[in-house]
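# Summary of the model geometry
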Amino acid sequence: MEDALHSLLSPWPLWALILVVVGGIAVLGWAAELLVREAVALSERSGIPKVVIGATVVSLGTTTPEVAVSVMAALQGDPGLALSNAVGSIICDTGLVLGAACLAGPLPLPANIVNRQGWVQLAAAVLLVAASWPWLAPLSVFQGPARESVGRLPQSWGFVFLGLLLLYLWLSVRWARRSRDVVHLEELEVDVRAPLPLVLAKLFGAVALVIVSASIVIAAVGLVAERIGVPQAIIGATVVALGTSLPELVTGVMAARRGHGDLAVGNVVGADILNALFVAGASAAVTTGGLAVSTDFYRWLFPFMLAILVVFRISVVASRERMRTSFGVLLLGMYVVYVAVLVVRTVIAGPAAG
(Lines give C-alpha, C1' and ligand atoms only; values in the text may rest on other atoms or scores of the structure.)
Protein backbone atom coordinates (compact mmCIF):
# COMPACT_ATOMS: atom_id res chain seq x y z
CA MET A 1 0.00 0.00 0.00
CA GLU A 2 2.87 2.36 0.82
CA ASP A 3 4.41 2.20 -2.67
CA ALA A 4 1.02 2.45 -4.37
CA LEU A 5 0.06 5.56 -2.39
CA HIS A 6 3.45 7.16 -3.02
CA SER A 7 3.12 6.57 -6.76
CA LEU A 8 -0.45 7.86 -6.76
CA LEU A 9 0.28 11.06 -4.82
CA SER A 10 3.73 11.91 -6.21
CA PRO A 11 2.45 13.88 -9.25
CA TRP A 12 0.12 15.99 -7.11
CA PRO A 13 1.03 19.65 -6.44
CA LEU A 14 2.01 20.76 -2.95
CA TRP A 15 -1.30 22.49 -2.19
CA ALA A 16 -3.20 19.34 -3.09
CA LEU A 17 -0.98 17.22 -0.83
CA ILE A 18 -1.61 19.62 2.05
CA LEU A 19 -5.36 19.26 1.46
CA VAL A 20 -4.93 15.48 1.49
CA VAL A 21 -3.19 15.70 4.89
CA VAL A 22 -5.91 17.93 6.34
CA GLY A 23 -8.72 15.88 4.83
CA GLY A 24 -7.11 12.61 5.86
CA ILE A 25 -6.82 13.75 9.47
CA ALA A 26 -10.48 14.86 9.42
CA VAL A 27 -11.59 11.47 8.08
CA LEU A 28 -9.36 9.75 10.62
CA GLY A 29 -11.03 11.64 13.46
CA TRP A 30 -14.51 10.84 12.15
CA ALA A 31 -13.63 7.16 11.75
CA ALA A 32 -12.24 7.07 15.30
CA GLU A 33 -15.47 8.58 16.65
CA LEU A 34 -17.48 5.97 14.74
CA LEU A 35 -15.21 3.26 16.12
CA VAL A 36 -15.79 4.45 19.68
CA ARG A 37 -19.58 4.61 19.24
CA GLU A 38 -19.88 1.13 17.77
CA ALA A 39 -17.42 -0.38 20.26
CA VAL A 40 -19.43 1.13 23.11
CA ALA A 41 -22.65 -0.21 21.59
CA LEU A 42 -21.13 -3.69 21.31
CA SER A 43 -19.80 -3.53 24.87
CA GLU A 44 -23.13 -2.31 26.23
CA ARG A 45 -24.99 -5.16 24.51
CA SER A 46 -22.63 -7.64 26.17
CA GLY A 47 -23.60 -6.36 29.61
CA ILE A 48 -20.28 -4.75 30.48
CA PRO A 49 -20.75 -2.02 33.15
CA LYS A 50 -20.63 1.53 31.84
CA VAL A 51 -17.80 2.43 34.18
CA VAL A 52 -15.63 -0.27 32.58
CA ILE A 53 -16.58 0.93 29.10
CA GLY A 54 -15.61 4.49 29.97
CA ALA A 55 -12.25 3.54 31.45
CA THR A 56 -11.27 1.20 28.61
CA VAL A 57 -13.22 1.30 25.34
CA VAL A 58 -13.85 5.05 25.24
CA SER A 59 -10.39 6.11 26.43
CA LEU A 60 -8.61 3.77 24.03
CA GLY A 61 -10.92 4.68 21.15
CA THR A 62 -10.33 8.41 21.45
CA THR A 63 -6.58 7.79 21.07
CA THR A 64 -7.12 5.80 17.86
CA PRO A 65 -5.99 8.61 15.48
CA GLU A 66 -2.61 8.97 17.20
CA VAL A 67 -2.12 5.20 17.45
CA ALA A 68 -3.06 4.60 13.81
CA VAL A 69 -0.73 7.28 12.46
CA SER A 70 2.21 6.34 14.70
CA VAL A 71 1.97 2.56 14.28
CA MET A 72 1.59 2.82 10.50
CA ALA A 73 4.54 5.22 10.38
CA ALA A 74 6.67 2.85 12.45
CA LEU A 75 5.77 -0.09 10.20
CA GLN A 76 6.67 1.97 7.14
CA GLY A 77 10.08 2.90 8.52
CA ASP A 78 9.35 6.46 9.73
CA PRO A 79 10.28 6.33 13.45
CA GLY A 80 10.59 10.11 13.69
CA LEU A 81 6.99 10.62 12.63
CA ALA A 82 5.79 7.81 14.89
CA LEU A 83 7.39 9.16 18.06
CA SER A 84 6.95 12.86 17.30
CA ASN A 85 3.19 12.36 16.93
CA ALA A 86 3.02 10.92 20.44
CA VAL A 87 5.27 13.57 22.01
CA GLY A 88 3.70 16.40 20.00
CA SER A 89 0.21 15.30 21.02
CA ILE A 90 1.18 15.44 24.71
CA ILE A 91 2.50 18.97 24.24
CA CYS A 92 -0.55 20.00 22.22
CA ASP A 93 -3.05 18.49 24.65
CA THR A 94 -1.45 20.01 27.74
CA GLY A 95 -0.50 23.38 26.27
CA LEU A 96 -3.07 24.21 23.61
CA VAL A 97 -6.11 22.22 24.80
CA LEU A 98 -5.83 22.95 28.54
CA GLY A 99 -4.72 26.53 27.91
CA ALA A 100 -7.60 27.26 25.55
CA ALA A 101 -10.10 25.49 27.82
CA CYS A 102 -8.91 27.53 30.81
CA LEU A 103 -9.49 30.76 28.88
CA ALA A 104 -12.89 29.55 27.65
CA GLY A 105 -14.32 29.02 31.11
CA PRO A 106 -13.62 28.02 34.72
CA LEU A 107 -11.43 24.92 34.81
CA PRO A 108 -11.94 22.84 37.98
CA LEU A 109 -9.09 20.59 39.07
CA PRO A 110 -10.76 17.40 40.37
CA ALA A 111 -8.61 16.03 43.17
CA ASN A 112 -9.29 12.42 42.17
CA ILE A 113 -7.83 13.10 38.71
CA VAL A 114 -4.97 15.52 39.29
CA ASN A 115 -3.69 13.78 42.43
CA ARG A 116 -3.72 10.25 40.99
CA GLN A 117 -3.73 10.24 37.21
CA GLY A 118 -1.89 13.56 37.13
CA TRP A 119 1.20 11.99 38.66
CA VAL A 120 0.86 8.99 36.34
CA GLN A 121 0.78 11.50 33.46
CA LEU A 122 4.12 13.02 34.47
CA ALA A 123 5.67 9.64 35.36
CA ALA A 124 4.73 8.16 31.96
CA ALA A 125 6.41 11.06 30.14
CA VAL A 126 9.57 10.80 32.29
CA LEU A 127 9.66 7.04 31.66
CA LEU A 128 9.36 7.63 27.90
CA VAL A 129 12.41 9.92 27.98
CA ALA A 130 14.39 7.57 30.24
CA ALA A 131 13.62 4.52 28.08
CA SER A 132 14.74 6.41 24.95
CA TRP A 133 17.97 7.81 26.43
CA PRO A 134 21.29 6.35 25.20
CA TRP A 135 22.65 5.55 28.66
CA LEU A 136 25.90 4.02 27.33
CA ALA A 137 26.78 7.41 25.83
CA PRO A 138 24.49 9.88 27.64
CA LEU A 139 26.19 13.05 26.37
CA SER A 140 25.96 12.02 22.72
CA VAL A 141 22.50 13.61 22.52
CA PHE A 142 24.12 17.03 22.84
CA GLN A 143 27.29 16.37 20.86
CA GLY A 144 26.04 14.67 17.70
CA PRO A 145 24.95 16.45 14.51
CA ALA A 146 21.38 17.69 14.28
CA ARG A 147 18.81 15.08 13.24
CA GLU A 148 21.27 12.23 13.84
CA SER A 149 19.74 9.13 15.45
CA VAL A 150 21.64 8.77 18.71
CA GLY A 151 19.08 6.95 20.85
CA ARG A 152 16.41 4.30 20.56
CA LEU A 153 13.14 3.29 22.18
CA PRO A 154 13.69 -0.50 22.12
CA GLN A 155 11.00 -2.97 21.13
CA SER A 156 11.26 -4.57 24.58
CA TRP A 157 10.33 -1.24 26.18
CA GLY A 158 7.40 -1.02 23.79
CA PHE A 159 6.02 -4.20 25.33
CA VAL A 160 6.77 -2.88 28.82
CA PHE A 161 4.78 0.26 28.00
CA LEU A 162 1.85 -1.84 26.75
CA GLY A 163 1.98 -3.86 29.97
CA LEU A 164 1.90 -0.63 31.98
CA LEU A 165 -1.03 0.47 29.81
CA LEU A 166 -3.01 -2.62 30.89
CA LEU A 167 -2.12 -1.85 34.52
CA TYR A 168 -3.26 1.76 34.09
CA LEU A 169 -6.58 0.66 32.52
CA TRP A 170 -7.16 -1.75 35.39
CA LEU A 171 -6.45 1.00 37.91
CA SER A 172 -8.72 3.36 35.96
CA VAL A 173 -11.61 0.92 36.31
CA ARG A 174 -10.99 0.63 40.06
CA TRP A 175 -10.73 4.41 40.48
CA ALA A 176 -13.86 4.95 38.39
CA ARG A 177 -15.84 2.42 40.45
CA ARG A 178 -14.83 4.16 43.68
CA SER A 179 -15.80 7.60 42.38
CA ARG A 180 -18.95 6.21 40.72
CA ASP A 181 -18.11 7.78 37.38
CA VAL A 182 -20.38 6.72 34.54
CA VAL A 183 -20.44 7.04 30.79
CA HIS A 184 -23.56 8.71 29.46
CA LEU A 185 -24.18 6.77 26.28
CA GLU A 186 -26.75 9.28 25.11
CA GLU A 187 -23.95 11.87 24.83
CA LEU A 188 -22.10 9.49 22.54
CA GLU A 189 -25.23 9.00 20.42
CA VAL A 190 -25.00 5.23 20.78
CA ASP A 191 -27.91 3.10 19.58
CA VAL A 192 -27.68 -0.10 21.60
CA ARG A 193 -30.82 -1.49 19.89
CA ALA A 194 -29.28 -1.53 16.42
CA PRO A 195 -29.03 -5.01 14.81
CA LEU A 196 -25.83 -6.79 15.80
CA PRO A 197 -24.71 -7.41 12.17
CA LEU A 198 -25.03 -3.67 11.49
CA VAL A 199 -22.99 -2.80 14.59
CA LEU A 200 -20.26 -5.26 13.58
CA ALA A 201 -20.25 -3.98 10.01
CA LYS A 202 -19.83 -0.38 11.18
CA LEU A 203 -17.13 -1.45 13.65
CA PHE A 204 -15.03 -3.27 11.05
CA GLY A 205 -15.68 -0.52 8.53
CA ALA A 206 -14.41 2.08 11.01
CA VAL A 207 -11.26 0.04 11.67
CA ALA A 208 -10.59 -0.26 7.93
CA LEU A 209 -11.19 3.46 7.43
CA VAL A 210 -8.79 4.30 10.26
CA ILE A 211 -6.05 2.17 8.70
CA VAL A 212 -6.56 3.51 5.17
CA SER A 213 -6.83 7.17 6.21
CA ALA A 214 -3.73 6.87 8.42
CA SER A 215 -1.77 5.38 5.51
CA ILE A 216 -2.85 8.21 3.22
CA VAL A 217 -1.90 10.85 5.81
CA ILE A 218 1.55 9.32 6.28
CA ALA A 219 2.20 9.10 2.53
CA ALA A 220 1.08 12.71 2.00
CA VAL A 221 3.11 13.97 4.98
CA GLY A 222 6.21 12.25 3.59
CA LEU A 223 5.79 13.94 0.21
CA VAL A 224 5.11 17.34 1.79
CA ALA A 225 8.24 16.95 3.93
CA GLU A 226 10.30 16.15 0.82
CA ARG A 227 8.91 19.13 -1.13
CA ILE A 228 9.52 21.77 1.55
CA GLY A 229 12.64 20.22 3.11
CA VAL A 230 11.21 19.86 6.62
CA PRO A 231 11.89 16.67 8.63
CA GLN A 232 8.88 14.42 9.10
CA ALA A 233 9.53 14.51 12.85
CA ILE A 234 8.84 18.25 12.89
CA ILE A 235 5.66 17.91 10.83
CA GLY A 236 4.56 15.05 13.06
CA ALA A 237 5.20 17.11 16.20
CA THR A 238 3.19 20.08 14.92
CA VAL A 239 0.72 19.56 12.05
CA VAL A 240 -0.12 15.88 12.58
CA ALA A 241 -0.12 16.16 16.39
CA LEU A 242 -2.45 19.16 16.20
CA GLY A 243 -4.73 17.40 13.74
CA THR A 244 -5.05 14.23 15.81
CA SER A 245 -5.61 16.35 18.95
CA LEU A 246 -8.44 18.44 17.46
CA PRO A 247 -11.16 16.25 19.05
CA GLU A 248 -9.69 16.93 22.50
CA LEU A 249 -9.41 20.66 21.69
CA VAL A 250 -13.04 21.01 20.58
CA THR A 251 -14.30 18.85 23.45
CA GLY A 252 -12.22 20.71 26.02
CA VAL A 253 -13.29 24.21 24.96
CA MET A 254 -16.98 23.27 24.67
CA ALA A 255 -16.90 21.46 28.03
CA ALA A 256 -15.34 24.49 29.73
CA ARG A 257 -17.87 26.89 28.16
CA ARG A 258 -20.76 24.70 29.37
CA GLY A 259 -19.42 24.53 32.91
CA HIS A 260 -17.91 21.04 32.67
CA GLY A 261 -14.24 21.97 32.73
CA ASP A 262 -13.40 18.93 34.83
CA LEU A 263 -14.15 16.81 31.75
CA ALA A 264 -11.53 18.74 29.79
CA VAL A 265 -8.92 18.15 32.49
CA GLY A 266 -9.75 14.45 32.71
CA ASN A 267 -9.63 14.02 28.92
CA VAL A 268 -6.24 15.72 28.61
CA VAL A 269 -4.63 13.87 31.52
CA GLY A 270 -5.90 10.52 30.22
CA ALA A 271 -4.88 11.33 26.64
CA ASP A 272 -1.34 12.22 27.73
CA ILE A 273 -0.95 8.92 29.57
CA LEU A 274 -2.22 6.96 26.57
CA ASN A 275 0.03 8.90 24.17
CA ALA A 276 3.08 7.87 26.19
CA LEU A 277 2.12 4.28 26.99
CA PHE A 278 -0.16 3.31 24.10
CA VAL A 279 0.95 5.39 21.10
CA ALA A 280 4.71 5.30 21.74
CA GLY A 281 4.56 1.80 23.23
CA ALA A 282 2.62 0.24 20.35
CA SER A 283 4.83 1.99 17.77
CA ALA A 284 7.99 0.57 19.36
CA ALA A 285 6.46 -2.87 19.90
CA VAL A 286 5.61 -3.42 16.21
CA THR A 287 9.18 -2.77 15.02
CA THR A 288 11.97 -5.30 15.58
CA GLY A 289 14.62 -2.65 16.14
CA GLY A 290 12.39 -0.28 18.07
CA LEU A 291 12.15 3.44 17.30
CA ALA A 292 15.30 5.38 16.43
CA VAL A 293 15.37 8.70 18.31
CA SER A 294 17.15 11.70 16.81
CA THR A 295 18.87 14.57 18.57
CA ASP A 296 15.82 16.77 17.85
CA PHE A 297 13.91 14.89 20.54
CA TYR A 298 16.56 15.26 23.25
CA ARG A 299 17.31 18.91 22.49
CA TRP A 300 13.80 20.22 21.82
CA LEU A 301 10.79 17.89 21.89
CA PHE A 302 11.47 16.02 25.16
CA PRO A 303 12.43 19.21 27.09
CA PHE A 304 9.28 20.99 25.88
CA MET A 305 7.14 18.00 26.82
CA LEU A 306 8.55 17.71 30.33
CA ALA A 307 8.52 21.48 30.89
CA ILE A 308 4.86 21.87 29.97
CA LEU A 309 3.85 18.90 32.16
CA VAL A 310 5.83 20.31 35.11
CA VAL A 311 4.11 23.69 34.67
CA PHE A 312 0.76 21.90 34.72
CA ARG A 313 1.73 20.14 37.97
CA ILE A 314 2.77 23.49 39.47
CA SER A 315 -0.56 25.01 38.39
CA VAL A 316 -2.38 22.18 40.17
CA VAL A 317 -0.52 22.83 43.43
CA ALA A 318 -0.78 26.62 43.20
CA SER A 319 -4.38 26.80 42.00
CA ARG A 320 -5.82 24.08 44.22
CA GLU A 321 -9.50 23.72 43.22
CA ARG A 322 -9.55 25.78 39.99
CA MET A 323 -6.80 26.49 37.52
CA ARG A 324 -5.92 30.16 37.54
CA THR A 325 -6.35 31.98 34.25
CA SER A 326 -2.71 33.05 34.43
CA PHE A 327 -1.64 29.41 34.22
CA GLY A 328 -3.92 28.89 31.23
CA VAL A 329 -2.23 31.82 29.49
CA LEU A 330 1.18 30.40 30.43
CA LEU A 331 0.38 26.93 29.04
CA LEU A 332 -1.01 28.41 25.83
CA GLY A 333 2.02 30.69 25.53
CA MET A 334 4.38 27.75 25.96
CA TYR A 335 2.65 25.93 23.12
CA VAL A 336 2.96 28.97 20.84
CA VAL A 337 6.67 29.28 21.71
CA TYR A 338 7.13 25.56 21.06
CA VAL A 339 5.67 25.80 17.56
CA ALA A 340 7.56 29.04 16.83
CA VAL A 341 10.89 27.56 17.94
CA LEU A 342 10.46 24.47 15.77
CA VAL A 343 9.43 26.53 12.73
CA VAL A 344 12.19 29.16 13.10
CA ARG A 345 14.84 26.55 13.85
CA THR A 346 13.86 24.54 10.79
CA VAL A 347 13.89 27.62 8.54
CA ILE A 348 17.31 28.73 9.81
CA ALA A 349 18.85 25.26 9.71
CA GLY A 350 17.51 24.39 6.26
CA PRO A 351 16.72 20.93 4.95
CA ALA A 352 20.09 19.43 5.79
CA ALA A 353 20.08 20.05 9.51
CA GLY A 354 17.64 19.95 12.40
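Refer to the preceding data block for the structure.
The present account deals with the structure reproduced in this document. (Residues numbered from 1 in each chain as written. Predicted model: local features only at pLDDT ≥ 70, side-chain atom pairs only at ≥ 80, totals over all residues. Heavy atoms only, no water.)

### Some thoughts on the packing of helix α5 (residues 79-104) against helix α11 (residues 261-285)
Going by this rule: Here an angle of 0 to 180 degrees is reported between the N-to-C directions of two axes, which are lines fitted to C-alpha atoms, with helices fitted over the stretch in contact. Note on conventions: DSSP H or I runs of at least 4 residues are helices, E runs of at least 2 residues are strands, and numbering of each starts at the N terminus. Angles are sorted into four bins: roughly parallel if under 35 degrees, roughly antiparallel if over 145, roughly perpendicular if 65 to 115, and oblique for all others. Any pair of residues with heavy atoms lying within 4.5 Å of one another is described as a contacting pair. Note on residue classes: Ala, Val, Leu, Ile, Met, Phe, Trp, Tyr, Cys and Pro are nonpolar, Asp, Glu, Lys and Arg are charged, and everything else, Gly too, is polar.
Closest axis-to-axis distance for the α5/α11 pair is 9 Å, and the angle between their directions is 175°. Judged by the angle between their axes, α5 and α11 are roughly antiparallel. In contact with A82, L83, A86, S89, I90, D93, T94, V97, L98 and A101 of α5, α11 contributes A264, V265, V268, A271, D272, N275, A276, V279, A280 and S283. Tallied by class, residues from the contact of α5 with α11 come to 14 nonpolar, 4 polar and 2 charged.

### Let's talk about a nonpolar patch on the surface
Heads up, the condition is: Nonpolar side chains (Val, Leu, Ile, Met, Phe, Trp, Tyr) within 5 Å and like charges within 9 Å form the patches, drawn only from residues with over 30% relative accessible area and no salt bridge. Accessible areas in this description were obtained via Shrake-Rupley with a 1.4 Å probe; residue shielding takes into account the shown protein chains only. Salt bridge, as used here: a side-chain nitrogen of Lys or Arg that lies within 4 Å of a carboxyl oxygen of Asp or Glu. For the exposure calls, accessible area comes from a 1.4 Å probe over protein chains only, and a residue counts as buried if that area is under 20% of its type's maximum, exposed if over 50%, partly exposed in between.
A contiguous nonpolar patch, built from L14, I18, V22 and I228 and spanning about 320 Å² of accessible area, is present on the exposed surface. At 3 residues, helix α2 (residues 14-45) tops the list of elements feeding residues into the nonpolar patch. Along the chain, the position of V22 falls in helix α2. You can call V22 exposed: its relative accessible area is 52%.

### Description of the environment of L34
For L34, the position within the fold is in helix α2. A residue is classified by how much of its surface remains accessible, and L34, at 11% relative accessible area, is buried. The spatial distance from the C-alpha of L34 to the C-alpha of G205 is 9.2 Å, given a sequence separation of 171 residues.

### Let's talk about the nonpolar core
Here is a general trend for soluble globular proteins: nonpolar side chains tend to be buried in one another's company. Applicable threshold: We define a nonpolar core as any set of buried Ala, Val, Leu, Ile, Met, Phe, Trp, Tyr and Cys residues linked to one another through side-chain atoms lying within 4.5 Å.
In terms of nonpolar packing, the biggest core is built from 99 residues, with L83, V87, L107, F302 and M305 touching the most fellow members. For V87, the residues in contact, after removing those within four places along its chain, are L128, F297, L301, F302 and M305. Counting 5 residues, the second-largest nonpolar core is a separate cluster that includes L34, L35, A39 and L203.

### Description of the environment of V239
Its location among the elements puts V239 in helix α10 (residues 232-257). What makes V239 partly exposed here is its relative accessible area of 43%. When the C-alpha atoms of V239 and V21 are compared, they prove to be 9.0 Å apart, with 218 residues separating the residues in sequence.

### Some points on the environment of S43
Considering the arrangement of structural elements, one finds S43 in helix α2. Through-space distance from the C-alpha of S43 to that of V57 is 8.2 Å; in sequence the pair is 14 residues apart.

### Focus: helix α4 (residues 64-75)
So the rule is basically this: Expected helix span is taken as 1.5 Å per residue step, with the number of steps being one fewer than the number of residues.
Here α4 contains 12 residues, and its C-alpha end-to-end distance of 16 Å stays within 8% of the 16 Å for a straight helix at 1.5 Å per residue. For α4, the set of buried residues is T64, P65, E66, V67, A68, V69, S70, V71, M72, A73 and A74. Positioned one or two residues after α4, G77 has a phi angle of 85°, which is positive.

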